[in-house]
Amino acid sequence: MFFEYPQILFLELVLIPMVLLYVWRELRGGTPSLRVSNSAPWSGKGGELKKYSRHLPFILRLTAVAAIVAAIARPRSSEDFEKVDTEGIDIVLTLDISTSMLARDFKPDRISAAKDIAIEFIAQRPSDRMGVVVFAGESFTQCPLTTDRPTLINLIKEIETGLIEDGTAIGNGLATAVARLKDSPAPSRVVILLTDGVNNRGEITPLMAAEIAKTYGIRVYTIGVGAMGVAPYPVMTPFGVDIQQVKVEIDEPLLQDIANQTGGKYFRATDNTKLMEIYGEINKMEKSRTTVDSFPVYKELFMRFALIALAAIALELFLKMFILRRLP
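So, a few notes on the structure that sits alongside this text. (Residues numbered from 1 in each chain as written. Predicted model: local features only at pLDDT ≥ 70, side-chain atom pairs only at ≥ 80, totals over all residues. Heavy atoms only, no water.)

1. Quick word on helix α8 (residues 252–262)
Note: α-helices contain 3.6 residues per turn, so residues at a spacing of three or four share the same orientation.
Point 1. Along α8, the residues that are buried comprise Leu254, Leu255, Ile258, Ala259 and Thr262. For α8, the buried positions fall inside an angular range of 135 degrees around the axis, keeping them on one side. Turned more than 90 degrees off the buried face of α8, the exposed positions are Pro253 and Asn260.
Point 2. Of the surrounding secondary structure, the elements contacted by the buried residues of α8 are α6 (170–181), β7 (189–195), α7 (206–215), β8 (218–225) and β11 (266–269). (Buried < 20%, exposed > 50% of the residue type's maximum accessible area, 1.4 Å probe, protein only. Helix = DSSP H or I, 4+ residues; strand = E, 2+ residues; numbered from the N terminus. Arc of directions from axis to C-beta. Contact = heavy atoms within 4.5 Å.)

2. Quick word on helix α3 (residues 56–72)
Point 1. The end-to-end C-alpha distance of α3, which contains 17 residues, comes to 25 Å, matching closely the 24 Å that a straight helix rising 1.5 Å per residue would cover.
Point 2. Residues of α3 that are buried include every one of Pro57, Phe58, Leu60, Leu62, Ala64, Ala67, Val69, Ala70 and Ala71, and no others. (Expected span 1.5 Å × (residues − 1).)

3. Considering unusual backbone geometry
In terms of backbone geometry, most residues other than glycine have negative phi values and most peptide bonds are trans.
Point 1. The omega torsion of the bond from Lys107 to Pro108 falls at -5 degrees, within 30 degrees of zero and hence cis.
Point 2. Position of Pro108 relative to the elements: it lies in the loop between β4 (90–96) and α4 (110–123).
Point 3. For Arg74, which is not glycine, the phi torsion reads 60 degrees and is therefore positive.
Point 4. For Arg74, the position within the fold is in the loop between α3 and β2 (75–79).

4. Quick word on the pattern of salt bridges
Point 1. Applying the stated criterion to the full structure yields 13 salt bridges.
Point 2. Asp128 serves as the salt-bridge partner of Arg125, at 2.3 Å between the closest nitrogen and oxygen.
Point 3. Residue classification places Asp128 among the buried residues on the basis of a relative accessible area of 2%.
Point 4. Shared partners join several salt bridges into a network, and the residues in it are Glu4, Arg74, Arg76 and Glu300. (Salt bridge = Lys/Arg side-chain N within 4 Å of Asp/Glu carboxyl O.)

5. Some details on the sheet that holds β11
Point 1. On the basis of which strands lie adjacent, the open sheet formed by six strands has the order β6-β5-β4-β7-β8-β11 and mixed pairing. The open sheet has two edge strands, β6 (139–146) and β11, and neither has a second partner. Strand-to-strand twist across the sheet, computed as the mean angle between neighbouring axes with direction ignored, equals 15 degrees.
Point 2. As paired strands, β4 and β7 are joined by six bridges and run parallel to one another. Of the residues in β7, the one forming a bridge with Leu93 is Ile192.
Point 3. Against the sheet, α4 makes contact with β4, β5 (129–135), β7 and β8, and its axis sits at roughly 170 degrees relative to β4, the strand it touches most.
Point 4. Strand contacts of α8: β7, β8 and β11, with the helix running at about 160 degrees to β8, the strand carrying the most contacts. (Pairing = 2+ DSSP bridges. Axes fitted to C-alpha atoms, helices over the stretch in contact; angles between N-to-C directions.)

6. As for the packing of aromatic side chains
Point 1. In the structure shown here, the tally under the stated rule is three aromatic pairs.
Point 2. A centroid spacing of 3.9 Å and a plane angle of 5 degrees characterise the contact between Tyr22 and Phe58, whose relative ring orientation is stacked. In this pair, Tyr22 is assigned in helix α1 (residues 15–29) and Phe58 in helix α3, connecting sequence segments 36 residues apart.
Point 3. You can call Tyr22 partly exposed: its relative accessible area is 22%.
Point 4. On the basis of an interplanar angle of 50 degrees and a centroid distance of 5.1 Å, the ring pair of Phe121 and Tyr279 is categorised as tilted. Highlighted residues: Phe121 in helix α4 and Tyr279 in helix α9 (residues 272–282), separated in sequence by 158 residues. Assigned by exposure class, Phe121 and Tyr279 land together as buried. (Phe/Tyr/Trp six-rings, centres within 6.5 Å; stacked < 30°, edge-to-face > 60°.)

Structure below.
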């Protein structure tokens, strides 16, 4: 335990003049006396105890003052560890947010399922630094590498289609993820790239981005999202939204090449359950030991001193009003 404001503890010196004043009054005034015809009532057991019990309210008052001063000085405790060894890797989730992700072969649709399952995946890996990159016709970093889980999850929840120009720039998305990981000191770095289409935009080809990832020793796990054949897709018509069956086109050979070239693995997800199983399999990846600086966790202790002061004051009042005011 330590005090946040130790200089306030000098106020405890006020107890010295309080004690001196009390002793001076006792010596000056003497012991209260009462003339009676017979001392029999005072000759029983406990006479000495009753004699000295009149000093108890003052002792309680001193206790209350001391406890109040200690509470104001803000007592705290902390558990501090210099270093903590933990297992973890740096992971960047790279999500396709093109309008094709609105297809409803997943519940409620592809992009919502991808976000929800990604959040569950994040919750299962508390020791990793994680970030998020999104892409459509272009790409950008939604969240850089962080251990701040609440912020990361909130930023994932804000992802939706239409944030950037439509299209599928797989190469740009992967290159942006690699840029976030290339300077990472972590011995193990991973990109999880999820898409439901064919590369048709971007300045960087997917295989070039994969080559860059390989150069930096970054593994890429690719996930193709979409049912086999056709999938229901909402189409706007003059009469409102109409659900139509559209052909599912995923460049699986390209995604397999990216994974193989970087030492990762390709997966195909056709529904929510399969996508969850894929993330579960990725979750079993080999982990690397890292060292994380810990920080102290403080616990406020002023309440116990405040309760001591309150109890002392209450007991002093009780003794004065109901016990010591009566003659023995």
